[in-house]
Amino acid sequence: MKADQILLNALDHMQARAATYDKPKGERSIPATVAMFNAATGLDLTAEQGWLFMICLKTVRSQQGEFKADSYEDGAAYFALMGEEAEAAAVARILKNGE
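Before going into details, it helps to say that this report is about the structure given with it.

Before going further, it helps to spend a moment on a nonpolar patch on the surface. Residues Met1, Phe67 and Tyr72 make up a contiguous nonpolar surface patch of about 350 Å² in total accessible area. Positionally, Tyr72 belongs in helix α4 (residues 69–97).

Here is the structure:
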């Protein structure tokens, strides 16, 4: 499997989840998941850090057992979603600081 196919498969998974979870921007459960985790633990993770956690999970899974394309496809999608959150946070900081 070539790198571009992994990325295309990741995009297909993201689009399928958008249809499954019926949200215009796609499935974006990490902010709510992180909020629940923070409430339960008293920590203060960000949505970006939530995606990083999921990337770590897929990285560990990629090293266990036989090859499973899903680990790499989901990892690519999670990294893209992490980037989306990072940009949104950067824009919010700029707007807040009036830069």
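Moving on, there is more to tell.
Running from N to C, helix α3 (residues 47–62) and α4 cross one another at 165°; their axes reach a closest spacing of 9 Å. The pairing of α3 with α4 is recorded here as roughly antiparallel in orientation. Crossing angle aside, the handedness with which α3 passes α4 is left-handed. Between α3 and α4, the residues in contact are Ala47, Glu48, Trp51, Leu52, Met54, Ile55, Lys58, Arg61 and Ser62 and Asp70, Ser71, Tyr72, Asp74, Gly75, Tyr78, Phe79, Leu81, Met82, Glu85 and Ala86, respectively. For the contact of α3 with α4, a count of residues per class yields eleven nonpolar, three polar and six charged.

Here α4 spans 42 Å end to end across 29 residues, near enough to the 42 Å set by a 1.5 Å rise per residue. Ala69, Ser71, Glu73, Asp74, Gly75, Ala77, Tyr78, Leu81, Met82 and Glu85 are the residues of α4 that are buried. For α4, the elements touching its buried residues are α1 (3–21), α2 (30–41) and α3.

Structurally, the position occupied by Glu85 is in helix α4. With a relative accessible area of 17%, Glu85 lands in the buried category. In contact with Glu85, other than residues within four places in its own chain, are Pro31, Ala47, Glu48 and Trp51.

Another point: the pattern of salt bridges. Tallied over the full model, the rule gives three salt bridges. Between Arg17 and Asp74 there is a salt bridge, with its nearest N and O atoms 3.4 Å apart. Of this pair, Arg17 sits in helix α1 while Asp74 sits in helix α4, and the two are 57 residues apart along the sequence. Classification of Arg17 as partly exposed rests on a relative accessible area of 28%. Under the relative-accessibility criterion, Asp74 is labelled buried at 3%.

Reading guide: rules and limits
- Residues numbered from 1 in each chain as written.
- Predicted model: local features only at pLDDT ≥ 70, side-chain atom pairs only at ≥ 80, totals over all residues.
- Heavy atoms only, no water.
- Patch = residues over 30% accessible without salt bridge, like charges linked within 9 Å, V, L, I, M, F, W, Y side chains within 5 Å.
- Areas by Shrake-Rupley, 256 points an atom, 1.4 Å probe, with all protein chains shown as cover.
- Salt bridge = Lys/Arg side-chain N within 4 Å of Asp/Glu carboxyl O.
- Helix = DSSP H or I, 4+ residues; strand = E, 2+ residues; numbered from the N terminus.
- Axes fitted to C-alpha atoms, helices over the stretch in contact; angles between N-to-C directions.
- Parallel < 35°, antiparallel > 145°, perpendicular 65-115°, else oblique.
- Left-handed = near helix turned anticlockwise from the far one by under 90°.
- Contact = heavy atoms within 4.5 Å.
- Nonpolar A, V, L, I, M, F, W, Y, C, P; charged D, E, K, R; others polar.
- Expected span 1.5 Å × (residues − 1).
- Buried < 20%, exposed > 50% of the residue type's maximum accessible area, 1.4 Å probe, protein only.

Keep in mind that these numbers describe shape and distance, not what the molecule does.
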